[in-house]
Structures are given as C-alpha cells and as structure tokens.
Amino acid sequence: MPNIIAAGFSASSRDGEIDSLADDLARLVSIGADVAELGLSGLDLIAGGRIIGDRLRRLAAMTARLPLRYSVHGLVSSNFMDPETLPLQLAAAKALVEVCDRIDARVLVQHGGELRPDQTSARAGADARQREALLDLAEFARRYGVRIALENIFTTEEGQYRQTPAELAATVREIDHPNLMALIDFSHAYIEATYRGLDVKAELAAMASVTGHLHVHDSFGRPIGRFKPFYPQEATALGLGDLHMPLGWGDIDWESLFGEIDVLPDTFLIMEIEARYRSEQPESLAIARRLIDINAGRAVKAAE
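No experiment lies behind these values; they were computed from the predicted model shown.

1. Some points on helix 7 (residues 200-208)
Here is step 1: Those residues of helix 7 that fall on the buried side of the exposure criterion are E203, L204, M207 and A208. With its buried residues spanning 135 degrees around the axis, helix 7 presents them on a single face.
Here is step 2: Contact partners of the buried residues in helix 7: helix 5 (165-175), strand 10 (180-185), helix 6 (186-196), strand 11 (211-216) and helix 9 (254-258).
Here is step 3: Where helix 7 begins, the side chain of D199 points an oxygen toward the backbone nitrogen of K201, at a separation of 3.0 Å.

Here it is, written out as structure tokens:
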C-alpha cells in the first residue's frame, strides 16, 4: 500500500460564509478529488479561543454530506515563537483541534514560527518556546486522534528568524510525539533553499522521514524580495515568490522528488493552487496521481 493515500486540494470560503466553502468542495468532488484541506480561518469559527457552536454545527453538517476526507489548515498567522501572542495562539490551535474532531479531519496544519527583525531579545528562547507549545498541542490533540503537521515556511523579510526545513524536522524529532509530524511544502523549501544557498534536495531528505502531510504547488524557487506586483499575475510573469501555480507551470522537478522521498504512512497530498487556476485543477490532479504512483513504485523497489 502506498504511503501517500489521497490527493486533493485546499478549499476555503470566498466571503466568510459556509455556503461558498460548500460550493468549492462540491466542485472538487465533481473533478474526482479524494481529500480537501479546509482553510477555516476565514469562517469566524473561533472567537478569542472559543468555538462558535452554531457555525461549527453548520460546518459539520455540510462536510458530512460530501464524499471527501478532510484535513484542516490552522491559522495562516499561527506562530508559536512569538512571546506576545503565544497563549492566544495556543488557545486557538486547541480550539481547531476540537473542530477537526467534530468534522472527522485527523490532520491540523500548523505553520512553523518566526520572529520579526526587531524581536532580537526574543530570539534566544524562540526554538524552545515553539517546542514547548507544540508538545502541549500534540498532547492535547492525542485525546482527539488528531495529528499536528508542522509546515516549513520561507523567509519573507530580511533579518527575520525562521527555521530551515532541516531545522524544523529536527524540532519534530526532538519532541518525538506520536501526534506531531512534519509537513513538506515543496515550493516553500525551494524558495528558502535559494534564499539561503542550501541544497533543496538535502533539506527535503532531512524532512521526509518525519513527514506525514504534503503541500504541492509550483514555483521557480525565486524569493520575491522587495518586488511589489500590482497584479498577482505580474509576479507569475516574472516567476517571483510563492506563486501557488498549477503543477507543471514552474520548474520544480516533481517526478525526481517523488522518486526520492520516503514519507510516513497515511500521508495526504494537498495541492494549494490559487483559485484563479480552477480550470487547471483536473490536470494537476492527474499529475498528482502519477506522482503518487512514482512514489509507491520507489517504496516497492526499496522493499525488494
């Protein structure tokens, strides 16, 4: 059995209402997706760390009607390194674990932390703060049967503190909790490797053995720097930044990467492709399924 067991897309509400999320999910069903990763931050499900019960009930009823498996993307601004907001961050993340359980989503995505360039006094304890919060969250998630997937991000401003993909994987290994794993975002790793002069394949190899969730979208691995596009399509035209393009639009060598990485069992492959590329989603889904087959073939050869 392949370790990557399902392929699908991220989905979110376009207006803060559950109905528009439902429309997006129904469209994913129509093109044959197996799984959807729900971006719930835009739905006002949580206020001050407290779940809004009526909204969650409506969300649970909607998701139960569809033949999809689910994961949940936590707060995009999640940041367990920030001492100013950490207690609030942790409360919101725990509330999202309960949301996951209610809708039968067994993976919650948590972004790796960062510190602003001006937070120099907070850097000494940044990694320890993140480890302690992740351990707390993972232990909380254990009782619900939810796994926390720690995602590698990339440097977004000069002087910012972030962990490299390999350092993030080392954090997961050090915590060593059954409800905590790494999440490889290939484009993020590519951009960070370019920015820091790292070997992207080595960074991904360092992550793979503790990875149980994948974010897949194409780019050219070029940091955007200070360039400010007027339209997002202008960044695409120049190939700059984290573009979230359809598979095959950038220059990531997907077949080579999926022929080399060994990830954990029960891994989902989630394509985070911008909404304006909906017409390209079926082709990306077909490519993703070929990549799963390539990865499964590698596992068979390794076992022989």
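2. Considerations on the sheet that holds strand 5 (residues 69-73)
Here is step 1: If you trace the eight strands once around the closed barrel, you get 1-2-5-6-8-10-11-12, paired in parallel fashion. When the angles between neighbouring strand axes are averaged without regard to direction, this sheet yields 30 degrees.
Here is step 2: Two elements, strand 10 and strand 11, share four bridges in a ladder whose sense is parallel. Across the sheet, residue L183 finds its bridge partner in strand 11, namely H213.
Here is step 3: Taken strand by strand, helix 7 contacts strand 10 and strand 11, and its axis lies near 155 degrees from that of strand 10.

3. Things to note about the side chain of N79
Here is step 1: Locating N79 in the fold gives a position in the loop between strand 5 and helix 3 (86-102).
Here is step 2: N79 sits in the buried class, given a relative accessible area of 7%.
Here is step 3: Apart from residues no more than four positions distant in its own chain, N79 is found in contact with Q89, Q110, G113 and E114.

Basis of the calculations
- Residues numbered from 1 in each chain as written.
- Predicted model: local features only at pLDDT ≥ 70, side-chain atom pairs only at ≥ 80, totals over all residues.
- Heavy atoms only, no water.
- Buried < 20%, exposed > 50% of the residue type's maximum accessible area, 1.4 Å probe, protein only.
- Helix = DSSP H or I, 4+ residues; strand = E, 2+ residues; numbered from the N terminus.
- Arc of directions from axis to C-beta.
- Contact = heavy atoms within 4.5 Å.
- Polar contact = N/O pair within 3.5 Å; in protein donor to acceptor, adjacent residues only side chain to side chain.
- Pairing = 2+ DSSP bridges.
- Axes fitted to C-alpha atoms, helices over the stretch in contact; angles between N-to-C directions.

Honestly, that's just the spatial picture; any functional story needs more than this.
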